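Coordinates in review
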Amino acid sequence: MKITKVETFILHVPVTRNRIEDSFHQITHWGLVGVMVHTDTGLCGWGYTGTHAHLPTDRLIRDCISGTYAPLLIGEVAHDVQRIWAKLCYFPPAQWVGRSGITRLALSAVDIALWDLKAKAAQVPLWRFLGGDGKRKLEAYNTDGGWLNWTLKELVADTKRLTGEGYRGVKIKIGGPDPHIDLQRIAAVREAIGPHLKLMVDGNGKWDLPTAMQFGGKFRDYDVFWFEEPIWYDDLHGHTILAQAIETPIALGEQLYTLDDFRNFILGRALHFVQADAVRLGGVTEWLQVADLALAFHLPVVPHIGDMMQVHLHLAIGHSACKMMEYIPWTRDCFVEPASVRDGLFVIPQLAGAGTTMHAAAMERYSVNEA
């Protein structure tokens, strides 16, 4: 199964109510910058990364795929994923200009497409190809009711509605101008959803260490399940101090790009929930390495779903370190087999591949017109 052609694409899909905010970001669309890897068998593998739909940086990712990685892919045997991954990851000119960021996102899209091809060639879902359990019960928590630009009334109504629909937990954003208001929002949501459901809090790296220690220390009063990205993403030492100072567990990983990054945070005892993201790491190949590392330290892996659930659903079913996963619905109508939740649990996908194959109509509808 030799690679014969590599095509790229950029899609921009509207988010809920046309705008969402966290402590650092305001977006109106979610970007899917991706690749279709064609083979001489007629099979096509789909892969992509998730962005904030900023076209200039989306183009950089696309151009890295088409200009740097595509020439290295043509003629390769698509089954040889690990060798191809190393060829692209350690390609000297690309490694010289970026071991993280744009080059890693581009690598992730290609690698996901190759794993999609491997599973399609085997005529099984990727989770089964990885040896997963088809009777797995993967718990869903919902993030789409907790955005920082929601009013308190909207926040309470949305989180109460979502738990009423069966989600086992909700995640809300904090990091507004006044931490005391953040605490009020946490208290209101906890009261709305009751004492038995999970409530996660996500700061997106906004607070400094003293603020996180002062206000994060109060989260125990509301039984917060985890504090996600409490301080600046790369501050390993600060996360270690915080993890020792407060009772609420620390979750992070969406801004970590390599296996080495995760090793450093795990060895530094700086996190409790490992939020590896295959579309920001080097794809499925490196995600599996991180998940194995976490398992060796008996730490749970809860994938960050920059891909909006598709490939991560297969990975979470396929790896024993995963018991739950995030749900955000923005891109569901793009896919032939979109990730779905029933009674608070993810539905096990059945089609061959990684769940990344898109509808032609979605490609046409959301494709960016660069004319």
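Right above here is the structure, for reference.
So, here is what we can say about the structure in this document. On a predicted model such as this, the values are computed, not experimentally measured, just so you know. (Residues numbered from 1 in each chain as written. Predicted model: local features only at pLDDT ≥ 70, side-chain atom pairs only at ≥ 80, totals over all residues. Heavy atoms only, no water.)

A short note on the packing of aromatic side chains
Taken as a whole and assessed by the stated rule, the structure comprises 18 aromatic pairs. Relative to W46, the ring of F9 lies with its centre 6.0 Å away and its plane at 50°, an arrangement referred to as tilted. Highlighted residues: F9 in strand β1 (residues 3-14) and W46 in strand β5 (residues 44-51), separated in sequence by 37 residues. The exposure classification of F9 matches that of W46, with both residues buried. Ring plane angle 80° and centroid distance 6.3 Å describe the contact between W115 and F129, whose orientation is recorded as edge-to-face. A residue pair is termed long-range when its members are at least 10 positions apart, and W115 in helix α4 (residues 102-122) and F129 in helix α5 (residues 126-129) qualify at 14 residues. The class for W115 is buried, based on a relative accessible area of 9%. Here F129 falls in the partly exposed class, since its relative accessible area comes to 33%. What links up through ring pairs into an aromatic cluster is the set Y141, F225, W226 and F273. The ring of F24 carries K206 above its face, with NZ or CZ at 5.7 Å from the centroid. (Phe/Tyr/Trp six-rings, centres within 6.5 Å; stacked < 30°, edge-to-face > 60°. Helix = DSSP H or I, 4+ residues; strand = E, 2+ residues; numbered from the N terminus. Buried < 20%, exposed > 50% of the residue type's maximum accessible area, 1.4 Å probe, protein only. Lys NZ or Arg CZ within 6 Å of the ring centre and 35° of its normal.)

Structural notes on the sheet that holds β5
If you trace the three strands from one edge of the open sheet to the other, you get β1-β4-β5, paired in antiparallel fashion. The open sheet is flanked by β1 and β5, the only strands paired with a single partner. Recorded for the sheet is a direction-independent mean angle of 20° between the axes of neighbouring strands. Where strand β4 (residues 29-39) meets β5, eight bridges bridge the pair, whose relative direction is antiparallel. Looking at the pairing, G34 lines up with Y48 of β5. Docked against the sheet, helix α1 (residues 55-73) engages β1, β4 and β5, running at close to 170° with respect to β1. (Pairing = 2+ DSSP bridges. Axes fitted to C-alpha atoms, helices over the stretch in contact; angles between N-to-C directions. Contact = heavy atoms within 4.5 Å.)

What to know about the environment of Q350
Here Q350 shows up in the loop between β14 (345-346) and α13 (360-366). The class of Q350 is exposed, set by a relative accessible area of 53%. The spacing of Q350 and D63 is 287 residues in sequence and 33 Å in space, taken between C-alpha atoms. In contact with Q350, other than residues within four places in its own chain, are P125 and E337. A polar atom in the side chain of Q350 sits 3.1 Å from the backbone oxygen of I348. (Polar contact = N/O pair within 3.5 Å; in protein donor to acceptor, adjacent residues only side chain to side chain.)

Considering the side chain of N142
Structurally, the position occupied by N142 is in strand β6 (residues 139-142). Looking at N142, the relative accessible area reads 3%, which means it is buried. A polar contact is formed between the side chain of N142 and the backbone nitrogen of D144, at a distance of 2.7 Å. Sequence-distant contacts of N142, defined by excluding residues within four places in its chain, comprise L162, Y167, G169, V170, K171 and Y327.

Here's the deal with the packing of helix α6 (residues 152-164) against helix α7 (residues 179-193)
Their axes nearest at 9 Å, the elements α6 and α7 cross at an angle of 35°. The handedness of the crossing between α6 and α7 is right-handed. Along the contact surface, α6 presents L152, L155, V156, T159, K160 and T163, while α7 presents R185, A188, V189, A192 and I193. Taken together, the residues of the contact of α6 with α7 sort by class into seven nonpolar, two polar and two charged. (Left-handed = near helix turned anticlockwise from the far one by under 90°. Nonpolar A, V, L, I, M, F, W, Y, C, P; charged D, E, K, R; others polar.)

Section: unusual backbone geometry
Peptide bonds are, in most cases, trans, and in most cases residues other than glycine have a negative phi. Residues other than glycine seldom take positive phi values, yet R269 does so here, at roughly 50°. Mapped onto the elements, R269 comes out in the loop between α10 (259-267) and β11 (273-274). Relative accessible area serves as the criterion here: at 68%, R269 is assigned to the exposed category.

So, the environment of S108
Assignment of secondary structure puts S108 in helix α4. Assessed through its relative accessible area of 0%, S108 is described here as buried. For the pair formed by S108 and Y48, sequence separation is 60 residues and the distance between their alpha carbons is 7.1 Å. Apart from residues lying up to four places away in sequence, S108 is in contact with T49, A278, V279, R280, L281, G282 and G283.

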